[in-house]
Amino acid sequence: MSPPPCSAFLLLFVAALFLSATAAKSSSDDAAAPAPASESINITGILDKASQYTYFIRLLNQNQAAVQIDSQSETSTDGMTVFAPTDNAFNNLPAGTLNNLTSQQQIQLVQYHVCPKFYSLQSFQTVSNPVRTQASGQDNRVFGLNISASANQVNVSSGIVNVQINNVIRKNFPLAIYEVDSVLIPFEFYEAPPPAVAPSGSRPHSRHSGAADTAPATEAVTGSASKFRAGVFVSVVCLIGYAWVF
């Protein structure tokens, strides 16, 4: 025996209310669930744990580069890449290399080992050279790296130093760190600086400006000649008058 039409309608109404309440509770639970926390980056901690990067850690801390890398890695959508020279790399530098650098060059040296983009080992095979670094654009210079890659090898060149990536310290986005056995000395440190740009308000000395500059002197000479002729005329008149009287 089939239920009365009103009973069937009531059952459908109750079922609809139950489904709506279940969906609302599920939506509320999803909204209340906290979003996964972003990964905290500490480059000096990573390098310290990997060991043999004492000199590079010191430079990162001296120039506040470590704080910048940590912050930018966590906030940038592009990520970052760091080429970390080992302690042996610094020990193999010619004596006095770092001490002979200016304060600005020491900062640029550290920034030259940092790229403002995340690069995996695979992406090095299709990268466009020169690869930008954190030093790029300073002093109107490139400060770029040239990177070449094959199936099993990645080489990094500054134009002065050519080195192979031997070890991957960290490979996960947003920060990739690769070990290099040489300090990447920028080619720009040995390149002659570009000529200074003349101030916008200055004008080159031209023939027209020279003529303008000599105009006052010409006018002065002309005025002096006129005065001389007037003086001679007055003197002649006086002599004629004197002769007439006497």
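Relevant structure appears above.
Within any chain, residue numbers begin from 1 and follow the written order of that chain's sequence. For a predicted model such as this one, the threshold for reporting local features is a pLDDT of at least 70, and the threshold for listing and counting side-chain atom pairs is 80 or more; totals across whole chains, interfaces and linings nevertheless cover every residue. In computing side-chain properties, one takes all heavy atoms of the structure into account and sets aside hydrogens as well as water.

**Observations concerning the overall build of the chain**
Applied cut-off: Helix and strand definitions follow DSSP, with helices as H or I runs of at least four residues and strands as E runs of at least two, each counted in order from the N terminus. We call a residue buried when its accessible area falls under 20% of the maximum for its residue type, exposed when it is over 50%, and partly exposed in between, using a 1.4 Å probe and counting protein chains only. Note on contacts: a residue pair qualifies if any of its non-hydrogen atoms lie within 4.5 Å across the two residues. Computed by Shrake-Rupley with a 1.4 Å probe, the accessible areas treat only the displayed protein chains as cover when residues are assessed.
Along the chain, the regular secondary structure elements total seven helices and six strands. When the helices and strands of the chain are read in sequence order from the N terminus, they spell out α-α-α-α-β-α-α-β-β-β-β-β-α. Within the chain, the proportion of its 246 residues that are buried is 30%. Taking all contacts inside the chain whose residues are at least 6 apart in sequence as the whole, residues at least 24 apart take part in 66%. Roughly 16300 Å² of accessible area belongs to the chain as shown, and the carbon and sulfur atoms make up 59% of that amount.

**What to know about the packing of aromatic side chains**
What characterises a pair of aromatic rings is the spacing of the ring centres plus the angle enclosed by the ring planes. Condition: When the centres of two rings from Phe, Tyr and Trp lie within 6.5 Å, Trp using its six-membered ring, the rings pair. Their planes under 30 degrees apart give stacked, over 60 give edge-to-face, and anything left gives tilted.
One pass over the full model with this rule turns up eight aromatic pairs. Within the aromatic cluster, the residues linked to one another by ring pairs are F83, Y119, F124 and Y178.

**As for unusual backbone geometry**
Geometrically, the link from N129 to P130 is a cis peptide bond, its omega value of -5° lying close to zero. With respect to the helices and strands, the residue P130 is situated in the loop between β2 (114-115) and β3 (146-149). Omega for the bond connecting F173 with P174 falls within 30 degrees of zero, at 15°, which places this linkage in the cis form. Note that P174 resides in the loop between β5 (162-170) and β6 (175-180). Despite not being glycine, Q52 has its phi angle at roughly 60°, a positive value.

**Some words on helix α6 (residues 103-112)**
If you check which residues of α6 are buried, you get Q108, L109, V110, Q111 and Y112. Looking at the packing, one finds that the buried side of α6 touches α3 (54-62), α4 (65-75), β2 and β4 (154-157).

**Let's talk about the environment of N63**
Rule in force here: N or O atoms within 3.5 Å of each other form a polar contact, as long as, within protein, one can give a hydrogen and the other can take it, and as long as residues adjacent in sequence are counted only when both atoms are side-chain atoms.
Inspection of the secondary structure puts N63 in the loop between α3 and α4. It is 6.0 Å that separates the C-alpha atoms of N63 and I107, two residues lying 44 residues apart in sequence. Discounting residues that sit within four places of it in the chain, N63 has contacts with Q106, I107 and V110. Separated by 3.0 Å, the side chain of N63 and the backbone oxygen of L59 make a polar contact.

**Overview of the environment of I185**
With respect to the element layout, I185 can be found in the loop between β6 and α7 (207-245). Sequence-wise, I185 and N162 are 23 residues apart; in three dimensions their C-alpha atoms are separated by 9.7 Å. Ignoring any residue separated from it by four or fewer positions in sequence, one finds I185 in contact with L93, T97, L109, Y112, S158, I160, V161 and Y190.

**Some remarks on the side chain of T44**
Note on placement: T44 falls in helix α2 (residues 43-50). Setting aside anything within four residues of it in sequence, one finds T44 in contact with I57, N61 and A66.

**Quick look at the nonpolar core**
For the record, the criterion: Put simply, a nonpolar core is a bunch of buried Ala, Val, Leu, Ile, Met, Phe, Trp, Tyr and Cys residues held in one set by side-chain atoms that sit within 4.5 Å of each other.
With 48 residues, the main nonpolar core has L47, L60, F83 and I147 as its most contacted residues. Top contributing element to this core by residue count: β6, with five residues. With sequence-adjacent residues up to four places away left out, F83 is seen in contact with F56, H113, C115, F124, L145, I147, V156, I165, Y178, V180 and L184.

**Examining a nonpolar patch on the surface**
Counted only if it meets this: Think of a patch as exposed residues, more than 30% relative accessible area, with no salt bridge, where like charges cluster within 9 Å and nonpolar side chains (Val, Leu, Ile, Met, Phe, Trp, Tyr) cluster within 5 Å. Salt bridges are counted wherever a side-chain nitrogen of Lys or Arg sits within 4 Å of a carboxyl oxygen of Asp or Glu.
On the surface, a nonpolar cluster with roughly 320 Å² of combined accessible area is contributed by I160, F187 and Y190. Summarising the element assignment, I160 is placed in the loop between β4 and β5. Classification of I160 by relative accessible area gives partly exposed; the value is 41%.

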